[in-house]
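# Analysis of the macromolecular model
Each chain, written out:
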Amino acid sequence: MANVIQEIVGFISEYSRWTLAIVFLISFGESFAFVSFLFPGTTILIAAGALIPSGTIPFWPVLIGSVVGATLGDFISYGIGYRFGPVLETRWPFATHPNLLAKGHALFEKHGALSVFVGRFLGPVRAVVPLVAGSLQMPVERFVIANIVSAIIWAPALLFVGWFTVTAIGALRLAKELELPISIGIFIAVAVGLAVARISRVYHGRRQ
């Protein structure tokens with residue numbers, strides 16, 4: 001996973017003119033059900049934020065691409081849930097990991113429509129909540145509002161983490177060429193830690 005993240009971040013840096021499209025796809029993959037479980041989009045977006053202060057990639061295309069990608073990913077997930085809700089539990093990955101849908105349902109039962117907003121910021125259930133909202137026939141108007149508002153907050157927050165991290169490391173007066181590699185190294189370490197934690201939760205959930 002670490003190599004994949006590093007290669008994607010390097011690709012974004014090299015082809016900065018395609019920033020909007022690339023970041024859109026990353027954000028979409030992170031938010032879209034079935035892809036999100038295999039894709040370290042959060043860490044990549046944070047790393048993309050670290051490229052902004054140096055001017056390696058432009059701010060507005062990154063922001064627009066991440067917000068639009070997140071919004072569309074959740075909306076399509078909602079549509080799938082709305083259309084195929086009862087069948088989802090028999091399909092991958094829910095057939096092998098039923099606890100994923102169970103967590104989404106639990107969050108929805110606790111917070112109702114607000115779960116669409118809250119779920120955006122909870123990694124393990126981020127892509128599940130829109131599916132659950134659709135399968136429970138949540139009114140589309142309410143979903144759209146929660147979806148857009150949460151994306152407008154979520155995407156800049158991730159980019160700011162990367163921006164702040166590389167700026168803080170720069171304040172330590174390290175060699176300029178070390179700032180970005182160290183920042184990306186931190187993001188990769190966090191991503192690996194989160195992936196291990198997620199796999200551990202799924203493994204223990206299956207044993208129970």
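So, a few notes on the structure that sits alongside this text. (Residues numbered from 1 in each chain as written. Predicted model: local features only at pLDDT ≥ 70, side-chain atom pairs only at ≥ 80, totals over all residues. Heavy atoms only, no water.)

In this section: the overall build of the chain. A count of helical and extended segments in the chain gives nine helices and zero strands. Helices and strands appear in the chain in the N-to-C order α-α-α-α-α-α-α-α-α. A buried classification covers 44% of the 208 residues belonging to the chain. Long-range contacts, defined as pairs at least 24 residues apart, comprise 75% of the intrachain contacts of the chain with a sequence gap of at least 6. For the chain, the exposed area adds up to about 10,700 Å²; of that, 70% sits on carbon and sulfur atoms. (Helix = DSSP H or I, 4+ residues; strand = E, 2+ residues; numbered from the N terminus. Buried < 20%, exposed > 50% of the residue type's maximum accessible area, 1.4 Å probe, protein only. Contact = heavy atoms within 4.5 Å. Areas by Shrake-Rupley, 256 points an atom, 1.4 Å probe, with all protein chains shown as cover.)

Counting buried residues in helix α3 (residues 41-50) gives 10 out of 10 residues, a clear majority hidden from the surface. Listed as buried for α3 are Gly41, Thr42, Thr43, Ile44, Leu45, Ile46, Ala47, Ala48, Gly49 and Ala50.

Looking now at the nonpolar core. Grouped together as the largest cluster of nonpolar side chains are 23 residues, with contacts concentrated most on Ile12, Ile26, Leu45, Ile57, Val62 and Trp154. Excluding anything up to four places from it in sequence, isoleucine 57 contacts Ile12, Ser13, Ser16, Thr19, Ala48, Leu51, Ile52 and Val62. Counting 21 residues, the second-largest nonpolar core is a separate cluster that includes Phe94, Leu131, Val132 and Phe143. (Core = buried A, V, L, I, M, F, W, Y, C linked by side-chain atoms within 4.5 Å.)

To continue, consider a nonpolar patch on the surface. Nonpolar side chains collect at one region of the surface, where Leu20, Phe59, Trp60, Ile64, Val68, Phe160, Trp163 and Phe164 lie side by side and expose about 820 Å² of accessible area between them. The set of elements that each furnish at least two residues to the nonpolar patch consists of α4 (59-84) and α8 (140-171). Counting residues per element, the nonpolar patch draws most heavily on α4, which supplies four residues. Positionally, tryptophan 163 belongs in helix α8. (Patch = residues over 30% accessible without salt bridge, like charges linked within 9 Å, V, L, I, M, F, W, Y side chains within 5 Å. Salt bridge = Lys/Arg side-chain N within 4 Å of Asp/Glu carboxyl O.)

On to the packing of aromatic side chains, then. Under the criterion given, the structure shown has 12 aromatic pairs. For the pair tyrosine 78 and phenylalanine 143, a centre-to-centre distance of 4.3 Å together with 15° between the ring planes defines the contact as stacked. Taken as a pair, tyrosine 78 in helix α4 and phenylalanine 143 in helix α8 lie far apart in primary sequence, 65 residues in all. By the burial criterion, tyrosine 78 is buried, and phenylalanine 143 matches it. Pairwise contacts between aromatic rings join Phe24, Phe28, Phe32 and Phe34 into one cluster. Lying across the ring of tryptophan 154, arginine 120 places its NZ or CZ 5.7 Å from the centre. (Phe/Tyr/Trp six-rings, centres within 6.5 Å; stacked < 30°, edge-to-face > 60°. Lys NZ or Arg CZ within 6 Å of the ring centre and 35° of its normal.)

Going through the model one piece at a time under the given rule, you end up with two salt bridges. For glutamate 30, the salt bridge is made with arginine 126, and the minimal N-O distance between the two is 2.4 Å. Of the two residues, glutamate 30 is situated in helix α2 (residues 19-31) and arginine 126 in the loop between α6 (114-119) and α7 (128-135); the sequence distance between them amounts to 96 residues. For arginine 120, the salt bridge identified is with aspartate 74, shortest N-O distance 3.3 Å. Of this pair, arginine 120 sits in the loop between α6 and α7 while aspartate 74 is found in helix α4, placing the two residues 46 residues apart along the sequence. Residue aspartate 74 is classed as buried on the basis of its relative accessible area, which comes to 1%.

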